[in-house]
Structures are given as structure tokens and as C-alpha cells.
There are 2 protein chains.
Amino acid sequence: MTTSSYPSKLLESAVNEFAKLPGIGKKTALRLVLHLLRQEKEMAFKFADTIHHMRQEIMYCKSCHNISDSETCHICADANRDNTLICVVESIRDVMAIESTQQFTGIYHVLGGVISPMDGIGPDDLTIGPLLEKIKSGDVKEVIFALSTTMEGDTTNFYLYKKFEKYNVATTTIARGVSIGDELEYTDEVTLGRSLINRLPFEKTL
Amino acid sequence: MTTSSYPSKLLESAVNEFAKLPGIGKKTALRLVLHLLRQEKEMAFKFADTIHHMRQEIMYCKSCHNISDSETCHICADANRDNTLICVVESIRDVMAIESTQQFTGIYHVLGGVISPMDGIGPDDLTIGPLLEKIKSGDVKEVIFALSTTMEGDTTNFYLYKKFEKYNVATTTIARGVSIGDELEYTDEVTLGRSLINRLPFEKTL
């Protein structure tokens with residue numbers, strides 16, 4: 001018996017491809033491939049072809065760098081959205097998260113990550129250039145930083161803040177504080193400390 | 001804003017395809033699709049094409065019904081394996097599990113499941129017919145039942161046992177007992193009871 005116990009090379013390659021995906025080990029990969037084998041051929045073909053087609057056809061909005069089916073995404077193309085207000089986010093998942101709140105009427109700018117020297121990601125790896133162009137144009141009134149509240153997120157916030165300082169644009173950041181539904185006892189001290197410093201007039205929370 | 005917050009139809013279809021896989025929800029599906037989008041196009045194409053190719057080309061061994069790259073799988077084709085000894089299993093994962101023990105020198109027969117009226121699986125949905133043909137041929141000396149130790153597994157064992165009774169074939173089942181490494185205290189009473197009834201001469205365990 002060989003060390004590989006797969007009964008088929010085809011099966012093994014498919015398992016290896018699935019196992020390259022994040023959070024999917026060999027056992028889960030095998031379960032997924034066997035599931036596709038139990039389905040009608042057409043179901044498995046549809047799965048594969050949808051992925052191929054998606055990767056082939058998908059575009060990134062030339063303005064905000066969000067994923068899009070067209071050159072300009074539906075948010076940037078929406079005349080009802082305020083294009084003087086730009087919310088800077090890391091990824092398209094953050095766009096989806098903010099959109100689902102239905103609280104934001106401006107447009108986005110997807111950076112594609114945060115500055116992280118540990119992972120070898122510098123400012124040039126992000127879409128900071130195009131963002132700076134937008135600000136230089138003078139059409140932007142406010143930039144909202146909505147990055148992760150991590151060291152890397154904070155570094156990126158500060159980098160952008162310094163870049164934008166000399167232009168006539170307001171820079172804000174989303175509020176940090178105790179999450180709705182959280183118990184104070186279990187809130188970390190940095191968050192709790194900041195939420196005391198940045199306390200709000202009670203009327204504002206009504 | 002629409003209820004769907006996906007910025008792209010292509011993305012949404014790909015997420016939906018992934019979310020059809022067992023144990024993969026919409027959030028995980030999105031994470032996997034975005035991972036494929038971050039990769040080079042060729043990586044995503046290779047993923048999709050490997051799946052397509054696998055589903056297109058894969059075969060089932062005409063003798064044991066195991067997954068195979070050829071008409072007869074490498075186990076059935078192996079002249080060193082004892083083809084008078086057949087181990088009956090539910091799925092190819094069980095073949096892989098038993099092969100990895102390196103303790104079995106016979107061949108397999110993959111049933112494709114167990115009899116389960118609750119799931120609408122009857123004897124005709126399994127590969128019981130071809131197994132019976134093999135036994136009728138008189139070439140088989142022993143059939144080992146290695147099905148799950150569930151109600152459905154036991155039902156299937158009993159069904160097969162009754163079918164094979166009139167032929168000159170020994171029927172055995174894999175040992176049930178306390179797993180190696182288990183503590184008696186935490187072993188369920190059925191297993192513990194059976195392991196007392198089916199106790200072995202100590203010399204056999206040496």
C-alpha cells in the first residue's frame with residue numbers, strides 16, 4: 001500500500017484543491033468532494049463552471065475598487081448617494097456590513113487591506129493613490145475611516161490622516177465604545193477607558 | 001438598498017454554489033469565494049477545472065463499486081489480495097479508513113449506504129445485487145460486515161446475513177468493544193455489556 005490512501009488520482013487532486021481553501025483540511029475537503037460525487041453530474045459542473053465564470057468575469061469598480069459586475073459599481077453609480085462623503089474600508093465584506101446597516105448614504109473606497117509590515121503590506125500595496133487623487137480633486141468634504149480597530153488599522157488611519165492633513169477635507173473615524181448588548185464587566189479596559197473619554201451627551205443616544 | 005447586499009451577481013452565484021456544500025453556510029461561502037478572488041486567476045481556474053474534470057472522468061470499480069480511475073480499481077486488480085474475502089462497507093471513506101490500518105488483505109464491496117427507511121433508502125438503492133452475484137458464484141469464502149454500529153447498520157447487517165444464509169459463505173462482523181484509549185467509566189452500557197459477553201482469551205490480545 002502506498003502512503004496515499006486515495007483510491008483515485010482524480011479524487012486526490014480534487015481533495016487537494018479544496019484543501020487549499022482557508023479553514024478546509026483534508027478530511028473536510030474529502031467530505032465536500034464526495035458530496036459533489038453523490039450529486040448529479042450537472043450539479044457538480046454547475047458548481048465548477050460558476051466559480052470559473054465568476055473569476056473570469058468579475059470586475060472591480062474603477063472608482064471605489066469594490067467588486068462589481070460593471071466598470072462602475074451600483075453604489076458609485078447611484079445618483080442618490082452623496083459622493084462628497086467617502087467611507088474608507090479594508091475589504092468588500094466591510095462594504096456589505098455597512099450597507100446592511102442602511103445608515104450610510106455616501107460612497108466607499110476599498111483599500112484592499114491595511115498597512116501591515118509583518119505581512120509585507122505597505123502603503124503601495126493598497127489603493128491609497130487613487131483615494132488621494134479623489135481628495136486632491138477637492139470634491140470630497142469628509143473621509144470616514146472605518147478600518148479594523150487593530151494596531152494595523154490604527155497605523156493605516158494615522159498614515160491616511162497625515163496624507164490628507166494638507167487638503168481641505170474633514171477626517172473622522174467610526175465611534176469606538178461598548179458594543180450594544182455587551183456587559184461592562186466583560187468589556188476590555190482600553191475600550192471602556194476610551195468610551196469614558198469620548199462620552200456623549202445622553203440626548204444624542206435617544 | 002435591496003435585501004441582497006452582494007455587490008455583484010457573479011459573486012452571489014458563486015457564494016450560493018459554495019453554500020450548497022454540506023456544513024458551509026453563507027458567511028463561510030463568502031470567505032472562500034473572496035479567497036479565490038484574491039488568488040491569481042489561474043489558481044481559481046485550476047480549482048474549478050479540477051472539480052469539473054474529476055466529476056467528468058471519475059469511475060466506479062465495476063467489481064467493488066469503489067471510486068477508481070479505471071474500470072477495475074487498484075485493490076481489485078491487485079493479484080496479492082485475497083478475493084475470497086470480502087469486506088462490506090458503506091462508502092469509500094470506510095475503504096480508506098480500513099486501508100490505512102494496513103491490516104486487511106482481502107477486497108472490498110462498497111454498498112453505497114445502509115438501509116434506512118427514514119431516508120427512503122431501501123435494499124434496491126444499494127449495490128446488494130452485485131454482491132449477491134459474487135456470493136452465488138461460490139468463489140467467496142467469507143464476508144466481513146464493516147458497517148456503522150447504528151440501527152441502520154445493524155438492520156443492513158441482518159438483511160445481508162439473511163440473504164447469504166443459504167449459500168456456503170461465512171459471515172462475520174468487525175469486533176465491537178471498548179475503543180483503545182477509552183476509559184471504562186465513559187463507555188456506554190451497550191458497548192460495555194457486549195464487550196463482556198464477547199470477551200476474548202487474554203492471549204489473543206497480546
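Presented here is an overview of the structure given in this document. Please read all numbers here as calculations on a predicted model, not as lab measurements.

1. A closer look at the pattern of salt bridges
Under the criterion given, the structure shown has 12 salt bridges over all chains. In this structure, the salt-bridge partner of A:Lys20 is A:Glu17, at a minimum N-O distance of 2.8 Å. A:Lys20 gets classed as partly exposed once you look at its relative accessible area, which sits at 42%. In this structure, B:Glu17 and A:Lys46 form a salt bridge, with 3.1 Å as the shortest nitrogen-oxygen distance.

2. Some details on the sheet that holds strand E3 (residues 82-89) of chain A
Residue and element names in this part refer to chain A. Here we have 4 strands laid out as an open sheet, ordered E4-E3-E5-E6, and parallel in their pairing. Edge positions in the sheet fall to strand E4 (106-110) and strand E6 (170-173), since each has one partner strand and no second. The sheet shows a mean angle of 25 degrees between the axes of neighbouring strands, taken without regard to direction. Bridge count between E3 and strand E5 (residues 142-145): 4 bridges; the pairing is parallel. Opposite Val 88, over in E5, you have Phe 145 as the bridge partner. Those strands touched by helix H4 (residues 92-99) are E3 and E4, and its axis lies near 160 degrees from that of E4. Where helix H6 (residues 151-164) meets the sheet, it contacts E3, E5 and E6, and its direction lies at approximately 165 degrees from that of E5.

3. Looking at the state of the cysteines
Residues and elements named next belong to chain A. Counted according to the given criterion, the structure contains 0 disulfides over all chains. For the unlinked cysteine Cys 73, the closest cysteine sulfur is that of Cys 64, found at 3.6 Å. For Cys 73, a relative accessible area of 0% gives the class buried.

4. So, the nonpolar core
With 48 residues, the main nonpolar core has A:Leu11, A:Phe18, B:Leu11, B:Phe18 and B:Phe47 as its most contacted residues. Elements with a minimum of two residues in this core: helix H1 (9-19), helix H2 (26-38), helix H3 (41-57) and H4 of chain A together with helix H1 (9-19), helix H2 (26-38), helix H3 (41-57) and helix H4 (92-101) of chain B.

5. Some points on the environment of B:Glu203
Along the polypeptide, B:Glu203 turns up in the segment after helix H7 (189-197). Sequence separation between B:Glu203 and B:Arg81 is 122 residues, and the spatial gap between their C-alpha atoms is 28 Å.

6. So, the relation of the copies chain A and chain B
Rotating chain A by 180 degrees and translating it 0.0 Å along the rotation axis places it on chain B, where the RMSD comes to 0.0 Å. What the superposition gives is, in effect, a two-fold axis relating one chain to the other. It is A:Ala48 whose C-alpha, among those of chain A, lies nearest the rotation axis, at 2.2 Å. Comparing contact sets, 100% of the residues at the interface of chain A also lie at the interface in chain B, consistent with an isologous, same-surface contact.

7. What about the environment of A:Gly129?
Residue and element names in this part refer to chain A. With respect to the helices, strands and loops of the structure, Gly 129 is situated in helix H5 (residues 128-136). On the basis of relative accessible area, Gly 129 is assigned to the partly exposed category, the value being 37%. Along the primary structure Gly 129 and Phe 47 are separated by 82 residues, whereas in three dimensions their C-alpha atoms are 37 Å apart.

8. As for the pairing of E6(A)
Residues and elements named next belong to chain A. Where E5 lies against E6, 4 bridges are found, and the strand directions are parallel. Paired with Phe 145 across the strands is Thr 173, a residue of E6. In terms of handedness, the path from E5 via H6 over to E6 forms a crossover that is right-handed.

9. Regarding the packing of aromatic side chains
On inspection of all chains with the given rule, the structure shows 11 aromatic pairs over all chains. Considering the side-chain rings of A:Phe18 and A:Phe47, the 6.0 Å spacing of their centres and the 20 degrees angle between planes classify their relative orientation as stacked. Of this pair, A:Phe18 sits in helix H1 while A:Phe47 sits in helix H3, and the two are 29 residues apart along the sequence. Side by side, A:Phe18 and A:Phe47 carry an identical accessibility label, which is buried. Grouped by ring-pair contacts, the aromatic residues A:Phe18, A:Phe47, B:Phe18 and B:Phe47 constitute a single cluster.

10. Quick notes on the sheet that holds strand E6 (residues 170-173) of chain B
Residue and element names in this part refer to chain B. With parallel pairing, the 4 strands of this open sheet are ordered in space as E4-E3-E5-E6. Two strands in the sheet have a free side with no partner beyond their single neighbour: strand E4 (106-110) and E6. This sheet shows a mean twist of 25 degrees between the axes of neighbouring strands, independent of strand direction. Taken strand by strand, H4 contacts strand E3 (82-89) and E4, and its axis lies near 160 degrees from that of E4. Here helix H6 (residues 151-164) sits on the sheet in contact with E3, strand E5 (142-145) and E6, set at roughly 165 degrees to E5.

11. Regarding the interface of chain A and chain B
Taken together, the contact pairs 55 residues of chain A with 55 residues of chain B. Interface area, chain A with chain B, both sides summed: about 5,500 Å², of which 71% is carbon and sulfur. Counting the contacts that link chain A with chain B gives 14 residue pairs in polar contact (both at pLDDT 80 or more). Where the side of chain A that touches chain B is concerned, the elements lending two or more residues are H1, H2, H3, strand E2 (67-68) and H4 of chain A. When residues in the side of chain A that touches chain B are grouped by element, the largest group, 16 residues, is from H3(A). Class assignment for the residues of the side of chain A that touches chain B results in 28 nonpolar, 14 polar and 13 charged.

Rules used in this analysis
- Residues numbered from 1 in each chain as written.
- Chains lettered and ligands numbered in written order.
- Predicted model: local features only at pLDDT ≥ 70, side-chain atom pairs only at ≥ 80, totals over all residues.
- Heavy atoms only, no water.
- Salt bridge = Lys/Arg side-chain N within 4 Å of Asp/Glu carboxyl O.
- Buried < 20%, exposed > 50% of the residue type's maximum accessible area, 1.4 Å probe, protein only.
- Pairing = 2+ DSSP bridges.
- Helix = DSSP H or I, 4+ residues; strand = E, 2+ residues; numbered from the N terminus.
- Axes fitted to C-alpha atoms, helices over the stretch in contact; angles between N-to-C directions.
- Contact = heavy atoms within 4.5 Å.
- Disulfide = S-S within 2.5 Å.
- Core = buried A, V, L, I, M, F, W, Y, C linked by side-chain atoms within 4.5 Å.
- Least-squares fit on C-alpha atoms with pLDDT ≥ 70 in both.
- Right-handed = clockwise from strand over helix to strand, strands pointing away.
- Phe/Tyr/Trp six-rings, centres within 6.5 Å; stacked < 30°, edge-to-face > 60°.
- Buried area = accessible area lost by both parts, 1.4 Å probe.
- Polar contact = N/O pair within 3.5 Å; in protein donor to acceptor, adjacent residues only side chain to side chain.
- Nonpolar A, V, L, I, M, F, W, Y, C, P; charged D, E, K, R; others polar.

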